[in-house]
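Structural overview
Residues per chain, in single letters:
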Amino acid sequence: MLKLKSIFYTIVCAALLSACSDGPKGPDDDPNDNPVEGGDVVGFYILNEGNWGQNKASLDYFSYEDNKYTANIYATRNPGTVLGLGDVGNDIAEYNGRIYAVINGSNKVEIIDAATAERIGQVNIDNCRNIAFDGNYAYVSSFVGGEGDCGSVTRFDLTTLSLSGSVSVGKQPEEIVISNGYLYVANSGQFQAPDYDRTITVVRLSDFTYYGSIDVAINMHHLRIDDDGNLWVTSRGNYADVPSNIYKLPKVGDNTFGAPKALDVPCTNLALNDGKVYFYGTTYDENWNATYNYGVIDCATAKIQPQSFITDGTEKSLAAPYGIAVQPSTGDIILTDARNYVSSGQVRCYSSEGKLLWTNTAGDIPGHIAFVKEK
């Protein structure tokens, strides 16, 4: 089953050579003009998606220890791996010293040592999408495996890497969060247009069973939980008369949420840190020309702050913002740019004040970020 984005973009091959840069480029394109500190974060991985069918998913790594950006590190550290990382990277996360890369087109979760980028193994899950963790288990959403035309969440043991159950959820489930013994997954139904799914499925982890659902909005994608237990979820809309949006589901009790509050602002992707939501949104005119907005939301009040999280005007040089994350120790904002979606993208680091600190060339469609902390 093809990823939705592959419908919209021409598949073109562009060679990406493994390389270690001399350092990130600063705003004036001078190497190491602006070395950055990581606090208790030693570095971060970027999963480059690559286009469908091109087997061009790749992994880059930035080290705070020497401010070095290493492109295509997985291929360098694992030269004997057949077909490399695989086809279409969809999600990445660090957990207990390991990196878990969800490779959608290759139907697998790749497990990598976070310190060395050396391959540990893989878990095969058809049409896998996103991953979350609880205890000694990983939970992976999948577009298939549920009852009827629904999707599923599959669990596997982190020690043995063996599958240990699956639960039917909604249609084409996307991102997952886990809190207080319950799993929440945002369902999209993106292949059922115009009859999109509009629910968050709730799974009880104690017996790994379906618990219920929460009606929110059509065609949901990104899902986060803030420090107070509130849920934040994005809706892609219907690509026509219903625009993308972001919703807050306020926590009112254990596993209980109030009515979803729509903020009525386009939201394509988001990251949470220190009581704030950092987001960007994309809108299109009748000729599919894109306009981007960048903003910050206060988690407690759900108020959109008047200022963008980019304050130096450099957003004008972004071609296609794609991935976003906030460095948990310093508050720096990592923003990726897919550029033309068929060749090398770009990664940027902004300070917590919104000033561009450095940029570097990434792989094709850099979209997902995982921070690695000191042991």
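Before any of the text, the structure's been laid out above.
Values in this document were obtained by computation on a predicted structure and should not be read as measured data. (Residues numbered from 1 in each chain as written. Predicted model: local features only at pLDDT ≥ 70, side-chain atom pairs only at ≥ 80, totals over all residues. Heavy atoms only, no water.)

Side note on the sheet that holds strand β19 (residues 245-249)
- The antiparallel open sheet is built from four strands, whose spatial order is β17-β18-β19-β22. Strand pairing shows two members of the sheet lacking a second neighbour, β17 (220-225) and β22 (261-262), which therefore form its edges.
- With two bridges connecting them, β19 and β22 associate as antiparallel partners. Bridged to K248 within β22 is K261. (Pairing = 2+ DSSP bridges. Helix = DSSP H or I, 4+ residues; strand = E, 2+ residues; numbered from the N terminus.)

Comments concerning a nonpolar patch on the surface
- On the surface, a cluster of nonpolar side chains totalling about 360 Å² of accessible area is made up of Y239, Y284 and W288.
- Structurally, W288 can be placed in the loop between β24 (276-284) and β25 (290-298). (Patch = residues over 30% accessible without salt bridge, like charges linked within 9 Å, V, L, I, M, F, W, Y side chains within 5 Å. Areas by Shrake-Rupley, 256 points an atom, 1.4 Å probe, with all protein chains shown as cover. Salt bridge = Lys/Arg side-chain N within 4 Å of Asp/Glu carboxyl O.)

Remarks on the sheet that holds strand β6 (residues 98-103)
- Taken in spatial order, the four strands line up as β5-β6-β7-β8 in an open sheet, and their pairing is antiparallel. The sheet is open, and its two borders are formed by β5 (89-95) and β8 (119-124), each paired with just one other strand. For this sheet, the mean angle separating the axes of adjacent strands, direction not counted, is 20°.
- Relative to strand β7 (residues 108-113), β6 runs antiparallel, the two being bridged by six bridges. Along β7, the bridge assignment pairs Y100 with I111. (Axes fitted to C-alpha atoms, helices over the stretch in contact; angles between N-to-C directions.)

A word on the packing of aromatic side chains
- Here the structure, examined in full by the defined rule, presents 20 aromatic pairs.
- Relative to F156, the ring of Y100 lies with its centre 6.5 Å away and its plane at 45°, an arrangement referred to as tilted. A residue pair is termed long-range when its members are at least 10 positions apart, and Y100 in strand β6 and F156 in strand β11 (residues 152-157) qualify at 56 residues. In this structure, Y100 and F156 share a single accessibility class: buried. (Phe/Tyr/Trp six-rings, centres within 6.5 Å; stacked < 30°, edge-to-face > 60°. Buried < 20%, exposed > 50% of the residue type's maximum accessible area, 1.4 Å probe, protein only.)

Overview of a negative patch on the surface
- On the surface, a cluster of negative charge is made up of D40, E65, D66 and E374.
- Locating E374 in the fold gives a position in the segment after β30 (366-373).
- For E374, a relative accessible area of 52% translates into the label exposed. (Lys, Arg positive; Asp, Glu negative; His and termini not counted. Charge placed at Lys NZ, Arg CZ, Asp CG, Glu CD.)

What to know about the environment of E37
- Here E37 lies in the loop between β1 (19-20) and β2 (41-48).
- For E37, a relative accessible area of 65% puts it in the exposed group.
- Those residues within four positions of E37 in sequence are excluded, and the remaining contacts are Y64, Q327 and T330. (Contact = heavy atoms within 4.5 Å.)

Thoughts on the side chain of N48
- Mapped onto the elements, N48 comes out in strand β2.
- Looking at N48, the relative accessible area reads 0%, which means it is buried.
- Here D60 takes part through its side chain, which lies 3.3 Å from a polar atom of the side chain of N48.
- A distance of 3.2 Å separates a polar atom in the side chain of N48 from the backbone nitrogen of G363.
- Each residue touching N48, except ones within four places of it in the same chain, is listed here: K56, A57, S58, L59, D60, G89, A362, G363, D364, I365 and P366. (Polar contact = N/O pair within 3.5 Å; in protein donor to acceptor, adjacent residues only side chain to side chain.)

Quick notes on the pattern of salt bridges
- Overall, the coordinates contain 11 salt bridges when judged by the stated rule.
- When the shortest N-O distance is used, the salt bridge between K316 and E315 registers 3.9 Å.
- In this structure, a network of salt bridges that share partners links the residues K108, E110 and R119.

A closer look at the nonpolar core
- In this structure, F309 and L335 are the most contacted members of the largest nonpolar core, which totals 19 residues.
- Residue assignment for this core shows that the elements contributing at least two residues are β24, β25, β26 (321-326) and β27 (333-337).
- Counting residues per element, this core draws most heavily on β26, which supplies three residues.
- Not counting residues within four places of it along the chain, the set of residues in contact with F309 comprises Y278, F279, Y294, G295, V296, I324, I333, L335 and G354. (Core = buried A, V, L, I, M, F, W, Y, C linked by side-chain atoms within 4.5 Å.)

What about the pairing of β26?
- By the criterion of burial, β26 is predominantly enclosed, with six of the six residues buried.
- In terms of strand pairing, β26 meets β27 through four bridges, oriented antiparallel. Within the sheet, the bridge partner assigned to P321 lies in β27 and is D337.
- Adjacent in sequence and paired antiparallel, β26 and β27 are bridged by six residues, among which G331 carries a positive phi angle near 80°.

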